[in-house]
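Residues per chain, in single letters:
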Protein chains: 2
Amino acid sequence: MRVSKNVVEARRQLLADLLQNQRYLPLEQICIRLSISAATARRDLSELQRTGRIRRTPGGALSDFSDKFPSFAERLGRDSERKNGLARQVLPHLFSGSTVYIDGGTTPFALARLLPEAEIPGLKVVTNSLPVVELLSGSGVSLHIPGGDLVARQSLLIGERAVRALRDWKIDVSVLGAEGVTESGFWNSAPEVVALQKAAIANSKRSFVLVTAEKIGHRAGAQLATWSSGLELVTDATEKQLQSARIPLAKMEVG
Amino acid sequence: MRVSKNVVEARRQLLADLLQNQRYLPLEQICIRLSISAATARRDLSELQRTGRIRRTPGGALSDFSDKFPSFAERLGRDSERKNGLARQVLPHLFSGSTVYIDGGTTPFALARLLPEAEIPGLKVVTNSLPVVELLSGSGVSLHIPGGDLVARQSLLIGERAVRALRDWKIDVSVLGAEGVTESGFWNSAPEVVALQKAAIANSKRSFVLVTAEKIGHRAGAQLATWSSGLELVTDATEKQLQSARIPLAKMEVG
DNA sequence: ATTTATATGATTGAAATCGATCATATAAAG
DNA sequence: CTTTATATGATCGATTTCAATCATATAAAT
């Protein structure tokens, strides 16, 4: 039966919002959540697609832009294969029953993608990265979230509480990302992220920093660690590149 | 014709990368770009979905870190409109600048769905429910996750660490779910969930328990609270239903 | 109050998609 | 080299999805 115009528009807006949060929804779910028939759902979707707010797929729909972790998804695609290569080098260091901390950022995320297949028995994953949580939830891996604050459109739980919570953990291997590496050490731009990384390093037996070649020689606002702090660099940069940036070659794995 | 194992794996990885970049690809596009038949494309997609790297849709596929929380999504649909009704009753109690704790379960989740529209300035949401986190991340609401352990295919962070972390918070309003309500109080089946709820109640000025009518009179394994503990029942049950279950009518909101 | 317009749900035939099965070529194993 | 295993593409019902049509209840217009 006919409903008022503003009800229709409100429902369509709700559907658009829903899709932005959920990325993708099957038609059936849309019907259930909005308590409407398939016919009306189709009509709403057609209208939303006509105005360019969503994209239709057979049997469902998805929001085209600005998903939950927009910048993350964007960066993720780039050099995906190379990042996987770095992550694969860390895999042998994750032994059965050990605890691994997975940092935010796209390169550590690449490691998380390898874990379901790797099937390491009794592996514990500690992470504040929501993409990692989403990826691994329901995959059989034991997941532990120290907790913290999710600000703005970030994809990482940070803040003072996060740092304190992380101190409670005994970690075997930390897997970190960095935005830059110079002869003086590792760099990242966000101080809150660095604070969290430092807490992870302090509680870890070993810490790997995964860095793709183009970041060699760059520095950023906040220093994560110096070379004397025992971090282990994993990179696909050539020895030549490393030497020209005066990166010490000790304790390092090059792929 | 058969191709070598590494060719297969490389192609699947390429497909996963492709999907990460494109978000969504129709099956036909996958066939064209990888020069494979629909049958092989389907097989590749099935394999990638099995390892949790992508999500299948009818007629295509999309990259989706979140396998989402299937059992949760399933329960969500049931009585969706009635749960929304309960949630709407809580909304007026969330004032500007206040802190609200949103419990796991589908009924408290219904409240989370109302928050982006409600646009309560300065509202802080504290939750260990991953569906709530996913729903609200990037919606402008300030999100805080106490943290904890994610076990099996649960969608809630629980455990001793979670309880301790929650004790750090000062909460204005807690919104909880319950599996049963009797004359002796509120009930839930999982003791770890109850432990978390008790911590939330202890740190909250007010606590609402959202319960749909069919749960009236039922009890479960673990008692959450008695009627003397000051919890406020929000339900769509009739007075008659409540009286026949000997539920005290004080301090309660009926919709 | 009366008339007009339209939002909705149900139905239906057409089209698309899916999973299963099969033959075949070729990689991998012996 | 011979044998085995398997990755592939084609085919074919079964199922699902779609767009169009229609009756109806109700919002909006007069």
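The text that follows walks through the structure, step by step, so that each part is easy to find. (Residues numbered from 1 in each chain as written. Chains lettered and ligands numbered in written order. Predicted model: local features only at pLDDT ≥ 70, side-chain atom pairs only at ≥ 80, totals over all residues.)

Near DNA strand D, the surroundings consist of 21 residues, among which A:M1, A:R2, A:S4, B:S37 and B:T40 are the closest. Taken together, the elements giving at least two residues each to the surface near DNA strand D come down to α3 (38-50) of chain A together with α1 (5-22) and α3 (38-50) of chain B. Considering every element that reaches the surface near DNA strand D, the biggest residue donor is α3(B), with three residues. Its residues placed into classes, the surface near DNA strand D shows eleven nonpolar, four polar and six charged. (Near = placed C-beta within 6 Å. Helix = DSSP H or I, 4+ residues; strand = E, 2+ residues; numbered from the N terminus. Nonpolar A, V, L, I, M, F, W, Y, C, P; charged D, E, K, R; others polar.)

Here we take up the sheet that holds strand β12 (residues 222-225) of chain B. All names here are of chain B. With antiparallel pairing, the three strands of this open sheet are ordered in space as β9-β10-β12. Two strands bound the open sheet, and with one partner strand each, they are β9 (180-182) and β12. Geometrically, the sheet is characterised by an average inter-axis angle of 35° between neighbouring strands, direction not taken into account. (Pairing = 2+ DSSP bridges. Axes fitted to C-alpha atoms, helices over the stretch in contact; angles between N-to-C directions.)

Within the structure, DNA strand C sits among 21 residues, and A:S37, A:T40, B:M1, B:R2 and B:S4 are positioned closest to it. Of all the secondary-structure elements, those providing two or more residues to the surface near DNA strand C are α1 (5-22) and α3 of chain A together with α3 of chain B. A total of three residues in the surface near DNA strand C trace back to one element, the largest contributor, which is α3(A). Among the residues making up the surface near DNA strand C, the classes are represented as eleven nonpolar, four polar and six charged.

Before going further, it helps to examine the nonpolar core. A:L136, A:V175, A:V209, B:L136, B:V175 and B:V209 are the most contacted members of the largest nonpolar core, which has 112 residues in total. Residue contacts for B:V209: discarding those within four places in its chain leaves B:L176, B:A178, B:F186, B:L231, B:E232, B:L233 and B:V234. The next biggest cluster of nonpolar side chains, apart from the first, holds 23 residues, and it includes A:A41, A:A61, B:I30 and B:A41. (Core = buried A, V, L, I, M, F, W, Y, C linked by C-beta atoms within 7 Å. Buried ≥ 20, exposed ≤ 12 C-beta atoms within 10 Å, placed from the backbone. Contact = placed C-beta atoms within 7 Å.)

All names here are of chain A. In spatial order, the strands read β1-β3-β2; together these three strands make up an open sheet with antiparallel pairing. Of all strands in the sheet, those with a lone pairing partner are β1 (24-26) and β2 (55-57), marking the two edges. Across the sheet, the axes of successive neighbouring strands diverge by a mean angle of 20°, strand direction being ignored. Here three bridges tie β2 to strand β3 (residues 60-62), and the two strands are oriented antiparallel to one another. The residue bridging R56 from the neighbouring strand is A61, located in β3.

Sheet faces and side chains relate simply in a regular strand, where the side chains alternate between the two faces. Residue and element names in this part refer to chain A. By the bridge criterion, three bridges tie strand β9 (residues 180-182) to strand β10 (residues 185-188) in an arrangement that is antiparallel. Its bridge partner being in β10, V181 is matched across the sheet by F186. In sequence, β9 turns back onto β10 through a hairpin of two residues.

All names here are of chain A. Within the element layout of this structure, A87 appears in helix α5 (residues 80-90). A87 sits in the buried class, given 23 other C-beta atoms within 10 Å. Once the C-alpha coordinates of A87 and L114 are considered, the two residues, 27 residues apart in sequence, prove to be 7.8 Å apart. Excluding residues that lie within four positions of it along the chain, A87 makes contacts with A110, L111, L114 and L210.

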